[in-house]
Amino acid sequence: MSVIVTAILALLGLAAVFGALLGFAAIRFKVEGNPIVDEIDNLLPQTQCGQCGHPGCRPYAESIAAGGDINKCPPGGEATIQALAELLDVEATPLDAEHGEEIPTQVAVIREDECIGCTKCIQACPIDAILGSAKHMHTVIASECTGCDLCVEPCPVDCIDMVPVDQGLAGWHWNAPKDQNIIATDKTGLLEDMVEGGNLS
Amino acid sequence: MSTSTPSKIIPTRTLYDFHGGIHPEEMKSLSNQTAITQAPLPPKLILPLQQHIGNPSLVIVEIGQRVLKGEKLADADGKISVALHAPTSGIIDCIVDHPIAHPSGQSAPCIILIPDGKDEWCELNPCEHFEHLSVSEIQNKVRESGIAGMGGAGFPTEVKLHPPHQDKVATLILNAAECEPYITADDRLIRERAEEVVQGMEIMAYALQPGECLIGIEDNKPEAIAALREAVKETQIEVCVIPTKYPSGGEKQLIKILTDKEVPNGQIPADISVMCQNVGTAAAVYRAIRFGEPLISRITTLTGEAIQQPGNVEVLLGTPIDWLLSQYGYQESKAQRLIKGGPMMGYTLTHPHTPIVKTSNCILAPTHKDLPLPPLAQACIRCGLCAQACPAELLPQQLYWFSRSQEYDKAEHHNLFDCIECGACSYVCPSAIPLVQHYRHAKGEIKQLKLDQQKSDQARERFEARQFRLDREKSEKEAKRKARAEAAAKAQAAKKAAESAKPVEASQNTKEQVDTKKASIQAALERNQAKKAVQAPETKAQAKVEPIDIEALETAWDKAQAKLDKMHDALENAIVNTPEQVEKLTRAVEKNQVRVNQAKQAWEQAYKLETTAPVPAQKETISTKPDESKPDAPKPDINALKVAQEKAQSKLDKMQDALDNAQPEQVEKLTRAVDKNKVRVQAAEQALNEASQAETSQDGKN
């Protein structure tokens, strides 16, 4: 009987000690704020487009940190979903079509002779990438534009176009070779396609 | 020396070996058997503005302008850039986007020059002895001559003629290894123009002042080695013959072979005080300094079984490749494809109508037999041959997995960027996996991701800056609003301060008022006592005259008193609400006070007279008022007191309400006013009590 009592007491004692230790650690090493939000925010494309239904990338990061869906960011696309899934150790889900489709990076271009200088797009731009003043022509700083298209809707004369970014030679890089995990006896002409695609040299 | 054969070449220097490497079939004899020929003048020259690493050149000619051979067409833009010159005399046709020799097959801005066939040189500035020029003059001339590395990378040569930051260059290496199969441009150049190469190197050495000058050349070029040995006889330059192994011509590999130094991760040879230049570049530097000729042509190997007359040609920059090939019997039907560069590191040309540029060392047109298509890629069997072949000592297998699964950070950790893309791993792979293509793609992706990250960071910064600005604007507006409110409050406070004396006066007034009330009560009491005292002696006549007088006076006094009270009310309201009227009201109150006093005095005088009047008369007058059963004198007094007391009480109540609802800054004032009123009310009550007591006692007596 005394053995059992001793054992229970010992366990209780241990529980008390470790409980106290953990409690102390929880207070002493308390982390202010939520570091995961910063990490998530870092993975988001920062277009601040609001397509996810949140007013900016950080609020979306906060919602993800609070357990929200990770598939609501069309500008980030699959790559962002993958990165988020890896970071949060959750399953990567396909992009929610409700929030839009993944499209190549775009840039806003103002048809300058049509601009009436209303400054509405300037106020709409979340990153101050549009230059101009009242009653004067506005223009988009293409290198800063994230292609969020928030400036398109407010324009009263519809003079803003979203055009795909021209990467040019500097932005070009090699395509991945086509996956050719097929058996060597398969002669379906796949190889010829590959040569034409410039994947072999 | 010119009679040396490969077997007689003995290395005079301790050579080192680099890891891995392969020995592909050389195929060099296809093109190195014939002398360099001069390519004919093409009908059109396409001159891309960027034939080098760095910023594209800036056009300085106009469309339609006639230019002479060697005339500058475009200026260097910035430090890492070179100029561009007219390869022959002719007319500038246009400046347009034209497909260029690039793996992407994309277009880039090019100057289109239509030759006039005269091949007329512009005025040149030759220099017989480069020693007469200063180092900076040589550097400038090289830059102005448009010379960029001709081995294939196209890095502006002038930049590599500056010793690295205060460091001395220990070793200047001339790369004549030409390790890639098929290519023999450097081989033929050295064989035929070894003097030019060596003198070009001497000019470079003059600019760099290196500790030693080495020429690294593979032992599969005996004629070239012999020519070089002959040429360097009178100089300090050492010809180092190295074993043939691909890719010994890689800059880092050649440095390792000759000096046993390794270029650290992420650094360049200049960081370990080694400079590496190509033999073609050296020859171009010589021609630029000695004859003042800018870089307008280069030696290109045209080779492959699909070309009937393979060999090396000196071709003007901008010559269209398809036209050039047609001059040397290119059989398109035989060719499997066109490759720019060698079979290991070159790339398939998507457009044959692209120009020869400063970096085009070889155009390879292999037949299917020549360079068969690689077999289909199969699964990696983890044989490890790639790791054995890798000259950069990487783990190609790991890099392959990581690149394929897009685990780019892991690929980077495995030093993907140290890969020189030599293709040795792909060459040895028994499963024919296109390893290098995977690495190239991964490198591009990583660079793109980094750019994207940079851009998103920039966007975040801008977004946060904007939020900050908006917040600041908001708070500024708020601050302005507050400042305005404060200024108004201050103005009010200042007025109040100016009036601070007046409230005192006002309070004095109220005290006076209280005093007057007390006095009036006193007077009433006196009156009562007096009445009691003089109840007996009364005269009718006096009574008939007197009561009217006294009562009129009394009402006058009461009226004056009521007005005064009202005024006091007004004054107090004014203190709270309209400070600017306080002064006026105070004055009015004072006037009224005087009036009240006068009324009081008048009444007192009248009363004194009355005391002498007979009581019956008074009684009679009183009896004339049917509703009044009680003695008249004390009655109006008690009523008046009651009214006064009620008034004071209601006023106090009002004030209490006001105090309850009051703004914080007014509380103090109101509290004071309330206190004062309390005193007043108490006084009024006291007076009333006394009066009523007096009356009851009088009634009792009566």
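Residues numbered from 1 in each chain as written. Chains lettered and ligands numbered in written order. Predicted model: local features only at pLDDT ≥ 70, side-chain atom pairs only at ≥ 80, totals over all residues.

So, the overall build of chain A
Right, so step 1: Looking only at helices and strands, one finds 6 helices and 4 strands in chain A.
Right, so step 2: The N-to-C order of helical and strand elements in chain A reads α-α-α-α-β-α-β-β-β-α.
Right, so step 3: Within chain A, the fraction of its 201 residues that count as buried is 25%.
Right, so step 4: Of all intrachain contacts in chain A linking residues separated by at least 6 positions in sequence, the fraction that spans at least 24 positions is 55%. (Helix = DSSP H or I, 4+ residues; strand = E, 2+ residues; numbered from the N terminus. Buried ≥ 20, exposed ≤ 12 C-beta atoms within 10 Å, placed from the backbone. Contact = placed C-beta atoms within 7 Å.)

Remarks on the sheet that holds strand β2 (residues 45-48) of chain B
Residues and elements named next belong to chain B.
Right, so step 1: Strands sit in the order β2-β8-β7-β4 across an open sheet of 4 strands; the sheet is antiparallel. Two strands close off the open sheet at either side, each with one partner strand: β2 and β4 (66-67).
Right, so step 2: Where β2 and strand β8 (residues 107-115) come together, 4 bridges link them in antiparallel fashion. Bridge pairing in β8 links L47 to I111. (Pairing = 2+ DSSP bridges.)

Notes on the sheet that holds strand β5 (residues 72-75) of chain B
All names here are of chain B.
Right, so step 1: Judged by pairing direction, the sheet is antiparallel, and its 3 strands sit side by side in the order β3-β5-β6 without closing on themselves. Single-partner strands in this sheet number two, and they are β3 (58-59) and β6 (84-85).
Right, so step 2: Of the strand pairs in this sheet, β5 and β6 are connected by 2 bridges, and their pairing is antiparallel. Considered in β6, the bridge of K72 is made with H85.

Remarks on unusual backbone geometry
Right, so step 1: Cis geometry marks the peptide bond from B:Y246 to B:P247, where omega comes out at 0°.
Right, so step 2: Its place among the elements puts B:P247 in the loop between β11 (238-242) and α4 (251-259).
Right, so step 3: Positive phi values are uncommon outside glycine, yet A:D128 reaches one of about 55°.
Right, so step 4: Its location among the elements puts A:D128 in the loop between α5 (120-124) and β2 (130-131).
Right, so step 5: Even without glycine at this site, B:M27 takes up a positive phi of about 60°.
Right, so step 6: Mapped onto the fold, B:M27 is located in the segment before β1 (37-38).
Right, so step 7: Classification of B:M27 by C-beta neighbours within 10 Å gives buried; the count is 21.

Quick look at the interface of chain A and chain B
Accessible area lost upon the coming together of the parts serves often as the stated size of an interface.
Right, so step 1: At the junction of the two partners, chain A supplies 28 residues and chain B supplies 33 residues.
Right, so step 2: For the side of chain A that touches chain B, a count of residues per class yields 13 nonpolar, 12 polar and 3 charged. (Nonpolar A, V, L, I, M, F, W, Y, C, P; charged D, E, K, R; others polar.)

A few points about the nonpolar core
Right, so step 1: Residues B:I173, B:I217, B:L228 and B:V285 are the most contacted members of the largest nonpolar core, which totals 132 residues.
Right, so step 2: With 11 residues, helix α2 (residues 185-208) of chain B is the largest single contributor of residues to this core.
Right, so step 3: In contact with B:I173, other than residues within four places in its own chain, are B:L214, B:G216, B:L254, B:I255, B:L258, B:V274, B:M275 and B:C276.
Right, so step 4: Counting 14 residues, the second-largest nonpolar core is a separate cluster that includes A:I110, A:A129, A:C151 and A:I160. (Core = buried A, V, L, I, M, F, W, Y, C linked by C-beta atoms within 7 Å.)

Structural notes on the environment of A:D149
All names here are of chain A.
Right, so step 1: You can see D149 is positioned in the loop between β3 (139-140) and β4 (160-164).
Right, so step 2: Here D149 falls in the buried class, since 20 other C-beta atoms lie within 10 Å of it.
Right, so step 3: When the C-alpha positions of D149 and I160 are compared, they lie 8.9 Å apart, and in sequence the two are 11 residues distant.
Right, so step 4: With residues near it in sequence (within four places) discarded, D149 still touches C49, A108 and M162.

Comments concerning the confidence of the model for chain B
All names here are of chain B.
Right, so step 1: Looking at chain B as a whole, its pLDDT mean stands at 83, while 82% of the residues score no less than 70.
Right, so step 2: Predicted confidence is poor over residues 536-546, with pLDDT under 50, and the contacts of this stretch with residues over four places away or in other chains come to 31 contacts.
Right, so step 3: At the level of chain-chain contacts, confidence expressed as ipTM amounts to 0.79, with global pTM at 0.69. (pLDDT = per-residue confidence, 0-100.)

Thoughts on the packing of helix α1 (residues 135-144) of chain B against α2(B)
The axes of two packed helices give the description: the angle between them and the distance between them.
Residue and element names in this part refer to chain B.
Right, so step 1: Packing of α1 against α2 brings their axes to within 9 Å, and their N-to-C directions diverge by 125°. Our classification of the angle between α1 and α2 gives oblique. Both α1 and α2 take part in a crossing whose hand is left-handed. Residue-level contacts link V135, I138 and Q139 of α1 to I203, Y206 and A207 of α2.
Right, so step 2: Across the contact of α1 with α2, the residue classes tally to 5 nonpolar, 1 polar and no charged. (Axes fitted to C-alpha atoms, helices over the stretch in contact; angles between N-to-C directions. Parallel < 35°, antiparallel > 145°, perpendicular 65-115°, else oblique. Left-handed = near helix turned anticlockwise from the far one by under 90°.)

Description of the pairing of β8(B)
Right, so step 1: Bridge count for strand β7 (residues 90-99) of chain B against β8(B) is 9 bridges, and the pairing is antiparallel. Its bridge partner being in β8(B), B:C94 is matched across the sheet by B:I112.

Some details on the environment of B:F417
Residue and element names in this part refer to chain B.
Right, so step 1: Relative to the helices and strands, F417 resides in the loop between α9 (408-413) and α10 (424-428).
Right, so step 2: The exposure class of F417 is partly exposed, given the 15 C-beta atoms found within 10 Å.
Right, so step 3: Between the C-alpha atoms of F417 and Y439, which are 22 residues apart in sequence, the distance is 8.9 Å.
Right, so step 4: Discounting chain neighbours no more than four positions away, the residues touching F417 are E412 and K443.

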